[in-house]
Amino acid sequence: MCIIFFKFDPRPVSKNAYRLILAANRDEFYSRPSKLADFWGNNNEILSGLDMEEGKEGGTWLGISTRGKLAALTNYLQPRLDREARGRGELVTHFLTADVDSLSYLKKVSVEGHLYNGFNLIAADLSTAKGDVICYYGNRGEPEPIVLTPGTYGLSNALLETPWRKLCFGKQLFLEAVERSQEMPRDALVAQLLDVLNNEETTAGPSHRGPGPGVCAAHTEQVCGCVCALP
């Protein structure tokens, strides 16, 4: 299942601190074709992986641009999918290529949210001059997008900060890594974050909830690791 952890502080006290640290896993069928993260063709401005599934080519789940635009997407777990719905990956690519700020974009998306299966979308404008702004919208939650306050967040296949077992467990591992971020070289921090994302532990305290009924709750409640490889 997809999972994203991120911590942001637009005005860190220490000059060695990062304004944004984000770590994400994409959950997808092995057979689904995609391109590795790279700049788009002749466009040296946008960096992302790309979906190459027929009919949904060009969509993505995570991307960033040299202009400071960033977007990340997870699907919202639901019992049935509408096969006629629009591809959710376009929500990220449209933001990365649009000349519009993150909040305005998500307000537009919220009007069209019914055209898609369930999703969560993070959109950000990262600018040292204007200040970083990170916004969130989920089309199975509140009708309007929100501007996030500085802090640490976790997002899986439910709404932002829904305390599924794997989210709470992974977020704690993520926090332990970022708390040491100022003390280690960048490559060491990346390695620590990859360790978090590759964690396959499947036990956690009983207080952490799984998804609701009708969405394979018995299985996902047992899968607490940040990564789950199924045959």
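What comes next concerns the included structure. None of the values given here were measured: they were computed from a predicted structure.

### With respect to the pairing of strand S3 (residues 34-39)
Alignment of S3 against strand S4 (residues 46-51), held across four bridges, turns out to be antiparallel. Of the residues in S4, the one forming a bridge with Asp 38 is Ser 48. Hairpin connection, S3 to S4: the antiparallel pair is bridged by six residues, and Gly 41 has positive phi, about 50°.

### So, the sheet that holds strand S10 (residues 151-155)
With antiparallel pairing, the three strands of this open sheet are ordered in space as S2-S1-S10. Only two strands of the sheet have a single partner each, and these edge strands are strand S2 (20-25) and S10. Taken over all neighbouring pairs, the strand axes of this sheet differ in orientation by 5° on average, direction set aside. As judged from the five bridges shared by strand S1 (residues 3-8) and S10, these two strands associate in the antiparallel manner. From the neighbouring strand, Phe 8 faces S10, where its bridge partner is Gly 151. Running over the sheet, helix H3 (residues 165-178) touches S1, S2 and S10 and is turned about 40° from S1.

### Quick look at the sheet that holds S3
The sheet built from seven strands is open, its strands ordered S3-S4-S5-S6-S7-S8-S9 with antiparallel pairing. Whereas interior strands pair on both sides, the edge strands pair on one side only; in this sheet they are S3 and strand S9 (146-147). As defined by bridge partners, strand S6 (residues 69-75) adjoins strand S7 (residues 119-125) across seven bridges and the pair is classed as antiparallel. Within the sheet, the bridge partner assigned to Ala 71 lies in S7 and is Ala 123. With respect to the sheet, helix H1 (residues 90-97) is in contact with S4, strand S5 (62-65), S6 and S7, its orientation differing from that of S6 by roughly 170°. Packed onto the sheet, helix H2 (residues 102-112) meets S7, strand S8 (133-138) and S9 and runs at close to 10° relative to S8.

What counts, and at which threshold
- Residues numbered from 1 in each chain as written.
- Predicted model: local features only at pLDDT ≥ 70, side-chain atom pairs only at ≥ 80, totals over all residues.
- Heavy atoms only, no water.
- Pairing = 2+ DSSP bridges.
- Helix = DSSP H or I, 4+ residues; strand = E, 2+ residues; numbered from the N terminus.
- Axes fitted to C-alpha atoms, helices over the stretch in contact; angles between N-to-C directions.
- Contact = heavy atoms within 4.5 Å.

In short, geometric facts, not functional conclusions.
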